[in-house]
Amino acid sequence: DSGVTQTPKHLITATGQRVTLRCSPRSGDLSVYWYQQSLDQGLQFLIQYYNGEERAKGNILERFSAQQFPDLHSELNLSSLELGDSALYFCASKFREGHNEQFFGPGTRLTVL
Amino acid sequence: TQLLEQSPQFLSIQEGENLTVYCNSSSVFSSLQWYRQEPGEGPVLLVTVVTGGEVKKLKRLTFQFGDARKDSSLHITAAQPGDTGLYLCAGHTSGTYKYIFGTGTRLKVLA
């Protein structure tokens, strides 16, 4: 158990819908990263937050957005969903910059029908 | 642009054999991490290498960071079925907050 929690574990929805994925980092960790992993694909970095502020952006679509709240949990919002958005979405946390190890949550499997 | 290339992409070997996985880049990394991921689960950190030329051992796994900090290798001795999984290298290039994952090596160890 990494100490990072993600909810829900599974999500099935229809095209055009909007969903919110939630992540709680390890206690004391300030950074949260979001990743997308499609079937048999590597991990694609989406976005990073550090202590409530956006720190870095990767290949995140405009239909996707995220935020980190004062209690450091984070939410990833996916809207106007398409079939191709079906994937595993992972969040990871780490203490602060200079500590490079990330600890991953169990992921949310999103299926768009 | 994929900054971290792993090879081989797939590897299927018999129990007891040795293997090496490579992680290569043209960029310098401040450190590199190796993770193992099992189907449907998040990657689990195995090791971090920081210093050029550094070698770290974790039981039957040996990790090495290249002298120029542009590449790394993972060597497994006497592989076991429990070593089966997706092996990923990852790291920050110097001066960036983006965390880059390698293309992955999918290992299957047959009993």
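All residue numbers refer to positions counted from 1 along the written sequence of the respective chain. Lettering for chains starts from A, numbering for ligands starts from 1, and both go in the order in which the items are written. Residues qualify for local features only when their pLDDT is at least 70, as the model is predicted, and side-chain atom pairs are given and counted only at 80 or more; totals for whole chains, interfaces and linings, by contrast, use all residues. Note: side-chain values were computed over all heavy atoms of the structure, leaving out hydrogens and water.

Visitor: Explanation requested: the overall build of chain A in the structure shown.
Guide: Looking only at helices and strands, chain A features zero helices and 11 strands. Counting from the amino terminus, helix and strand elements in chain A follow one another as β-β-β-β-β-β-β-β-β-β-β. Radius of gyration here is computed from C-alpha atoms only, and the compact-globule reference equals 2.2 Å multiplied by the residue count raised to the power 0.38. Over its C-alpha trace chain A gives a radius of gyration of 13 Å, about what one expects of a compact globule, namely 13 Å for 113 residues. Its C-alpha atoms give chain A principal-axis dimensions of roughly 40 × 25 × 25 Å. When accessible area is computed with a 1.4 Å probe and restricted to protein chains, residues below 20% of their type maximum are described as buried, those above 50% as exposed, and intermediate ones as partly exposed. When the 113 residues of chain A are sorted by exposure, 49% land in the buried category. Helix and strand labels come from DSSP, where a helix needs a run of H or I of at least four residues and a strand needs a run of E of at least two; each type is numbered from the N terminus.

Visitor: Would you mind showing me how to read the state of the cysteines here?
Guide: Put plainly, a disulfide is one covalent bond tying together the sulfur atoms of two cysteines. Put simply, a disulfide is two cysteine sulfurs that come within 2.5 Å. Following the criterion strictly, the structure yields two disulfides over all chains and no others. For C23 of chain A, the disulfide goes to C91 of chain A, at an S-S distance of 1.9 Å. Between C23 of chain A and C91 of chain A, the S-S dihedral sits near 70°, and the bridge is therefore right-handed. In this pair, C23 of chain A is assigned in strand β3 (residues 19-24) and C91 of chain A in strand β9 (residues 87-94), connecting sequence segments 68 residues apart. Given the relative accessible area of 0%, C91 of chain A is considered buried. There is a disulfide in this structure between C23 of chain B and C89 of chain B, and the S-S distance comes to 2.0 Å. What sets the handedness of the C23 of chain B and C89 of chain B disulfide is the S-S torsion sign, and at about 80° it is right-handed. Of this pair, C23 of chain B sits in strand β3 (residues 19-24) while C89 of chain B sits in strand β9 (residues 85-93); the two residues are 66 residues apart in sequence, bridging distant segments of the chain. Note on accessibility: C23 of chain B and C89 of chain B belong to one class, buried.

Visitor: Sorry if this is basic, but what is going on with the pattern of salt bridges here?
Guide: Opposite charge on two side chains makes pairing possible when the charged atoms of those side chains draw close. Whenever a carboxyl oxygen of Asp or Glu lies within 4 Å of a side-chain nitrogen of Lys or Arg, that contact is scored as a salt bridge. Summed over the entire model, instances satisfying the criterion amount to six salt bridges over all chains. Between D85 of chain A and R63 of chain A there is a salt bridge, and its shortest N-O distance comes to 2.8 Å. With a gap of 22 residues between them, D85 of chain A in the loop between β8 (74-78) and β9 and R63 of chain A in the loop between β6 (53-57) and β7 (64-68) connect regions that are remote in the sequence. Note that R60 of chain B and D83 of chain B form a salt bridge whose closest N and O atoms lie 2.9 Å from each other. Of this pair, R60 of chain B sits in the loop between β6 (55-58) and β7 (61-65) while D83 of chain B sits in the loop between β8 (71-76) and β9, placing them 23 residues apart in sequence. Residue classification places R60 of chain B among the partly exposed positions, given a relative accessible area of 24%. What you see here is one network of salt bridges that share partners, running through R63, E82 and D85 of chain A.

Visitor: How do you make sense of the sheet that holds strand β1 (residues 5-7) of chain A when you look at a structure like this?
Guide: Paired through backbone hydrogen bonds, the strands of a sheet run either parallel or antiparallel to each other. Residue and element names in this part refer to chain A. If you trace the four strands from one edge of the open sheet to the other, you get β1-β3-β8-β7, paired in antiparallel fashion. Edge strands, defined here as strands with exactly one partner in the open sheet, are β1 and β7. Put simply, the sheet's adjacent strands are angled 15° from each other on average, direction ignored. Strand direction decides the pairing type here: β7 and β8, joined by five bridges, are antiparallel. Looking across to β8, one finds that A66 is bridged to L76. At least two DSSP bridges between two strands are required for those strands to pair. Orientation is described by axes fitted as lines to C-alpha atoms, over the contacting stretch for helices, and by angles from 0 to 180 degrees between their N-to-C directions.

Visitor: Explanation requested: the sheet that holds β3 of chain B in the structure shown.
Guide: Residue and element names in this part refer to chain B. The antiparallel open sheet is built from five strands, whose spatial order is β1-β3-β8-β7-β6. Every interior strand has two partners, whereas the edge strands, β1 (5-7) and β6, have only one. The average undirected angle you get between the axes of adjacent strands in this sheet is 15°. Two elements, β6 and β7, share four bridges in a ladder whose sense is antiparallel. Residue K56 lies in a different strand from β7, and its bridge partner there is F63.

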